[in-house]
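Structural description and commentary
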Amino acid sequence: MSTSIESVMNETRVFPPSDAFVAQANVSGMAGYQAMVQAAQADYPGYWAKLARENITWHKPFSKVLDESKAPFYKWFEDGELNVSYNCLDKHLATQPDKTALIFEADDGKVTKVTYRELHGRVSQFANGLKSRGIKKDDRVIIYMPMSIEAVVAMQACARIGAIHSVVFGGFSSKSLHERIVDAQACAVITADAQMRGGKLMPLKSIVDETLSLDGCECVHSVIVYRRAGSEVQWNDKNNIWWHELFNAQPTHCDPEWVGAEHPLFILYTSGSTGKPKGVQHSSAGYLLGTMLTMHWVFDYKPTDVFWCTADVGWITGHSYVTYGPLAMGATQVILKAFPPTRTLAASGK
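Residues numbered from 1 in each chain as written. Predicted model: local features only at pLDDT ≥ 70, side-chain atom pairs only at ≥ 80, totals over all residues. Heavy atoms only, no water.

1. A short note on helix α3 (residues 44-55)
For α3, spanning twelve residues, the distance from its first C-alpha to its last is 17 Å, which sits close to the expected 16 Å at 1.5 Å a residue. Listing the buried residues of α3 in full gives Tyr47, Ala49, Leu51, Ala52 and Asn55. Against α2 (29-42), α4 (84-88) and α10 (284-297) lie the buried residues of α3. (Helix = DSSP H or I, 4+ residues; strand = E, 2+ residues; numbered from the N terminus. Expected span 1.5 Å × (residues − 1). Buried < 20%, exposed > 50% of the residue type's maximum accessible area, 1.4 Å probe, protein only. Contact = heavy atoms within 4.5 Å.)

2. Focus on the layout of surface pockets
Considered as a void within the structure, the largest pocket measures approximately 410 Å³ in volume. Together, 17 residues line the largest pocket, and Tyr74, Trp76, Glu262, Ser283 and Gly286 are the ones closest to its centre. For the lining of the largest pocket, the secondary structure elements donating two or more residues are α3, β2 (75-76), β15 (279-283) and α10. In terms of residue count, α10 provides more of the lining of the largest pocket than any other element does, six residues in total. When the residues that make up the lining of the largest pocket are grouped by side-chain class, the tally is ten nonpolar, five polar and two charged. Of the voids in this model, the second largest pocket is the one considered here, and its volume is about 240 Å³. Lining the second largest pocket are 14 residues; nearest its centre among them are Phe104, Ala106, Thr112, Tyr226 and Arg228. For the lining of the second largest pocket, the class distribution of residues is five nonpolar, two polar and seven charged. (1 Å grid on protein atoms, 1.4 Å probe; cavity = no way out; pocket = protein on both sides within 12 Å on 5 of 7 lines; lining within 4 Å. Points joined across faces, edges and corners; volume = space filled by probe spheres on them. Nonpolar A, V, L, I, M, F, W, Y, C, P; charged D, E, K, R; others polar.)

3. Section: the pairing of strand β7 (residues 164-167)
As a general feature of sheets, a regular strand has side chains that alternate between the two faces. Residues of β7 alternate between two faces, with Ile164 and Ser166 on one and His165 and Val167 on the opposite face, all of them buried. Examined bridge by bridge, strand β6 (residues 140-144) and β7 share four bridges and lie parallel to one another. Paired with Val141 across the strands is His165, a residue of β7. The handedness of the β6 to β7 crossover, carried by helix α6 (residues 149-161), is right-handed. (Pairing = 2+ DSSP bridges. Right-handed = clockwise from strand over helix to strand, strands pointing away.)

4. A closer look at the pairing of strand β5 (residues 111-115)
Pairing geometry for strand β4 (residues 100-105) and β5, over five bridges, is antiparallel. Pairing of Leu102 across the sheet is with Val114, part of β5. If you look at the hairpin formed by β4 and β5, you'll find five residues sitting between the two strands, and Gly109 has a positive phi there, around 95°.

5. Comments concerning the side chain of Thr291
By the secondary structure assignment, Thr291 is in helix α10. Using a relative accessible area of 3% as the deciding quantity, one classes Thr291 as buried. Ignoring any residue separated from it by four or fewer positions in sequence, one finds Thr291 in contact with Ser320, Tyr321, Tyr324 and Gly325.

6. Topic: the packing of α3 against α10
For the pair α3 and α10, interaxial distance at closest approach is 11 Å and the crossing angle is 90°. Taken together, the axes of α3 and α10 are roughly perpendicular relative to one another. On the side of α3, the interface is formed by Tyr47, Trp48, Leu51, Ala52 and Asn55, while α10 contributes Leu289, Met292, Leu293 and Trp297. Considered class by class, the residues forming the contact of α3 with α10 number eight nonpolar, one polar and no charged. (Axes fitted to C-alpha atoms, helices over the stretch in contact; angles between N-to-C directions. Parallel < 35°, antiparallel > 145°, perpendicular 65-115°, else oblique.)

7. So, the packing of aromatic side chains
Applying the stated criterion across every chain yields a total of 20 aromatic pairs. Plain terms: the ring middles of Phe169 and Phe172 are 5.6 Å apart, the flat faces sit at 90° to each other, and that makes the pair edge-to-face. In textbook terms, an aromatic cluster arises when at least three aromatic residues are bridged by ring pairs, as seen for Tyr44, Tyr47, Trp48, Trp58, Phe62, Trp76, Phe77 and Trp297. The lysine or arginine in question, Arg227, covers the ring of Trp242, its NZ or CZ lying 4.1 Å from the ring centre. (Phe/Tyr/Trp six-rings, centres within 6.5 Å; stacked < 30°, edge-to-face > 60°. Lys NZ or Arg CZ within 6 Å of the ring centre and 35° of its normal.)

Pasting the structure below:
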């Protein structure tokens with residue numbers, strides 16, 4: 001009797017795109033790819049300098065592209081200054097303020113749309129709310145939220161004031177949340193009362209409460225709670241505040257905090273499945289440029305496309321292709337809370 005397993009899922013067919021599709025692609029076939037490679041090889045710093053100047057709006061232009069003196073701790077565009085939220089929102093206000101930025105479909109099928117103008121206002125209001133709680137540049141903020149427009153607003157608001165966010169996937173336990181709060185020495189947690197997944201109510205605020213009762217969380221002075229499901233929660237008047245109470249009283253304009261190109265945009269932790277979670281820090285300019293160029297090159301984004309990334313914002317893919325890359329490119333994108341089995345959506349509008 002044979003103990004080997006023969007795979008029946010062995011697909012060898014190749015389906016090349018049509019010549020017309022190749023011709024209209026942002027990177028047009030192998031010839032286009034080779035031209036990019038040759039240009040980068042001929043002048044590596046000059047190649048990336050050109051892309052950074054073409055794609056990023058700088059508050060202070062950079063003069064040095066790459067510092068390799070302390071490899072592997074490379075520094076990109078180090079003396080330049082920018083704000084990532086400005087590059088995702090403000091720069092579109094003059095050209096497409098009423099273009100739809102986000103289309104959110106909740107677990108119950110309810111659809112909400114926001115334009116770039118509206119999203120800019122929401123981010124500014126929440127950023128002002130964060131500042132009213134004493135949160136400032138270089139502070140670390142934990143975001144423990146369901147997929148929603150508010151999750152994007154929270155991340156963008158942190159970037160707007162120069163605070164460093166660390167998103168924790170909403171399915172993680174209090175132990176995982178505790179490890180990240182303590183390691184980052186976070187001053188605030190942004191969460192929701194609960195989340196809806198597959199029609200089921202799953203608590204979030206109670207997990208935060210449990211976490212903050214543990215040693216090492218004394219650094220947290222604010223817990224901001226978005227009322228997502230309308231469920232009952234325990235309340236601590238000392239440091240709890242409802243999102244809407246913090247948000248509604250704030251003006252819809254918030255000047256961006258200009259930061260250095262190497263300023264940390266966020267810390268995202270490894271899963272911890274092989275030991276203690278490790279915080280991976282991503283800097284502002286290099287990360288932003290990377291997400292924009294992969295939107296352009298890999299996803300072949302065009303201004304008329306409607307883009308959808310299936311990832312939760314708790315993962316790096318969600319950071320890159322929900323919160324930052326599409327908005328920096330001025331895209332319209334879909335955020336889907338739960339994947340409905342009766343629907344199929346393409347990765348982009350093609």
